[in-house]
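Next come the chains, spelled out residue by residue.
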Amino acid sequence: MGTMRLGAGWWAVVCGAALLAAQTALAGSDALTLRSVLVLLATGGAAAIAWRAVPRAARMRSPAPDPANLILSGVAGLGIWAVAWWAMDLTDHLLRRNVGLPPLPQILSRAPDRLLGLDLRAASYELAVLFAVVLIPLAQSVLLWGLVRRECVAAWGWRRGAWLAGVLGGGVLALSAPQQIEPALPGGLAALPGYLLVGVVASWSAVLSRSFWAGFAAHGTFAYASLALRDDLLRALAGRGYLDPQWLSAVVLGGFVTLAMLRVMYLRGERNAPRPGAGRPPRLAVAWAILIAALVALAAIDLTRRG
């Protein structure tokens, strides 16, 4: 298979698998900012290669959605945040009880952070927020909620394509997540259910608005809430069972808000139909096989560390 025939889904999954290997190799090192730089460069590079592989007749720029869709997408991302953290915290609780505790993370404000000989400890937290909330989600959104979403819609139609792009994108997010850093976006096997939910919401936002910018709004809002509000959420619900009415109220309310925002977007605009003349969509079976294998590797790494 020639390089130019490989689709965006293939490049996204290979990028995620490569980043899993890099994050695992660098876990516990003092290269904290370097990990974020690698994620940004690898994701941006994969997006650029995937864009060049698209036939010229099928290339189209993603227009910015109207401000209302950006707001709706952001609120949808905020709504799914509580649901995602419920799922991730529950998964982590089950893993702790049945497998073991994860290794202690490095604290950004205390751990050394070196890049090209420079000591970045004084700015580690600010750099981590900039990368995690803006730069990395933007690059991931171009690749996942832009190119991969269009590819999946072209292959399976807008309904199934939105779901499949969300699942594939969520898997790539889980593979790319930082390991053993705090505060940071979640990583490891316990984070997978949350990323799948976020991926589906971001993908649907992009499909319904016909633009990756809406997916970025949902994705970036989740990332910001995870850094800014996670401690408040877990502190407020500490010691409560996962079927406690307060936990379930947060889950039901968040899920309702997300579904309501997506429904409003659905009623406001056109669906993301494949562009005429785009040609035959690439086969994605190999991409899915690599994704499954990489997720199995992620699970094995996480279980080994907990064991």
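Note: the structure precedes this text.
Reading the values: rules and limits
Residues numbered from 1 in each chain as written. Predicted model: local features only at pLDDT ≥ 70, side-chain atom pairs only at ≥ 80, totals over all residues. Heavy atoms only, no water. Phe/Tyr/Trp six-rings, centres within 6.5 Å; stacked < 30°, edge-to-face > 60°. Helix = DSSP H or I, 4+ residues; strand = E, 2+ residues; numbered from the N terminus. Buried < 20%, exposed > 50% of the residue type's maximum accessible area, 1.4 Å probe, protein only. Core = buried A, V, L, I, M, F, W, Y, C linked by side-chain atoms within 4.5 Å. Contact = heavy atoms within 4.5 Å. Salt bridge = Lys/Arg side-chain N within 4 Å of Asp/Glu carboxyl O. Axes fitted to C-alpha atoms, helices over the stretch in contact; angles between N-to-C directions. Parallel < 35°, antiparallel > 145°, perpendicular 65-115°, else oblique. Left-handed = near helix turned anticlockwise from the far one by under 90°. Nonpolar A, V, L, I, M, F, W, Y, C, P; charged D, E, K, R; others polar. Disulfide = S-S within 2.5 Å. Expected span 1.5 Å × (residues − 1).

Notes on the packing of aromatic side chains
Here is step 1: Counting across every chain of the model gives 7 aromatic pairs.
Here is step 2: Their ring planes at 80° and their centres at 5.9 Å tell us that tryptophan 163 and tryptophan 204 sit as a pair that is edge-to-face. You can see tryptophan 163 sitting in helix H5 (residues 158-176) and its partner tryptophan 204 sitting in helix H6 (residues 192-209), a full 41 residues away along the chain.
Here is step 3: On the basis of relative accessible area, tryptophan 204 is assigned to the buried category, the value being 11%.
Here is step 4: Taken together, the ring pairs in this structure connect Trp158, Trp163, Trp204 and Tyr266 into an aromatic cluster.

Concerning unusual backbone geometry
Here is step 1: A cis amide bond, omega 0°, links glutamate 182 with the succeeding residue proline 183.
Here is step 2: By the element assignment, proline 183 lies in the loop between strand S4 (181-182) and H6.
Here is step 3: In this model, glutamine 180 sits at a positive phi of 60°, which is unusual for a non-glycine residue.
Here is step 4: As for its position among the elements, glutamine 180 is in the loop between H5 and S4.
Here is step 5: Phi at arginine 210 is positive, roughly 65°, even though this residue is not glycine.
Here is step 6: The residue arginine 210 is located in the loop between H6 and helix H7 (212-228) in this model.

A closer look at the nonpolar core
Here is step 1: Within the largest apolar cluster, 74 residues are counted, with the highest numbers of intra-cluster contacts made by Leu144, Tyr195 and Phe222.
Here is step 2: In terms of residue count, helix H4 (residues 124-156) provides more of this core than any other element does, 11 residues in total.
Here is step 3: The contacts of tyrosine 195, once residues within four sequence positions are left out, are Gly170, Leu173, Ala174, Ala177, Leu185, Pro186 and Phe222.
Here is step 4: Counting residues in hydrophobic clusters, the runner-up holds 5 residues, among them Leu32, Leu108, Ala111 and Ala184.

A closer look at the pattern of salt bridges
Here is step 1: Scanning the model with the defined rule gives 8 salt bridges in all.
Here is step 2: Between aspartate 92 and arginine 96 there is a salt bridge whose closest N-O contact spans 2.6 Å. One end of the pair is aspartate 92 and the other is arginine 96, both in helix H3 (residues 67-98) and 4 residues apart, which spans about a single turn.
Here is step 3: Relative accessible area serves as the criterion here: at 15%, aspartate 92 is assigned to the buried category.

So, the packing of helix H2 (residues 32-53) against H4
Here is step 1: Viewed as axis vectors pointing N to C, H2 and H4 meet at an angle of 20°, and their least axial separation amounts to 9 Å. Judged on the interaxial angle alone, H4 and H2 are roughly parallel. Two packed elements cross with a definite hand, and for H2 against H4 that hand is left-handed. Along the contact surface, H2 presents Thr33, Ser36, Val37, Val39, Leu40, Thr43, Gly44, Ala46, Ala47, Ala50 and Trp51, while H4 presents Leu127, Phe131, Leu135, Ile136, Ala139, Gln140, Val142, Leu143, Leu147 and Arg150.
Here is step 2: Residue classes in the contact of H2 with H4 are distributed as 15 nonpolar, 5 polar and 1 charged.

Details of the state of the cysteines
Here is step 1: Inspection of every chain in the model, using the stated rule, returns 0 disulfides.
Here is step 2: Here cysteine 15 stays unpaired: no disulfide links it, and the sulfur of cysteine 152, its closest cysteine neighbor, is 16 Å away.
Here is step 3: For cysteine 15, a relative accessible area of 8% gives the class buried.
Here is step 4: A residue is classified by how much of its surface remains accessible, and cysteine 152, at 0% relative accessible area, is buried.

Some remarks on the side chain of glutamine 179
Here is step 1: By secondary structure assignment, the location of glutamine 179 is in the loop between H5 and S4.
Here is step 2: What makes glutamine 179 buried here is its relative accessible area of 7%.
Here is step 3: With residues up to four places along the chain from it excluded, the contact list for glutamine 179 reads Leu20, Gln23, Thr24, Ala27, Arg35 and Arg305.

Notes on H5
Here is step 1: With 19 residues, H5 ought to run about 27 Å at 1.5 Å a step, and its terminal C-alpha atoms sit 26 Å apart, in line with that.
Here is step 2: Of all 19 residues in H5, 14 are buried, a share of seventy percent or more.

As for the packing of helix H1 (residues 8-26) against H4
The description of two packed helices rests on the angle between their axes and on the distance between the axes.
Here is step 1: In the contact formed by H1 and H4, the axes pass within 8 Å of each other and the chain directions differ by 140°. What the angle tells us is that H1 and H4 run oblique. Together, Ala8, Gly9 and Ala12 of H1 and Leu143, Leu144, Leu147, Val148 and Glu151 of H4 make up the contact between the two elements.
Here is step 2: Grouping the amino acids of the contact of H1 with H4 by side-chain chemistry returns 6 nonpolar, 1 polar and 1 charged.

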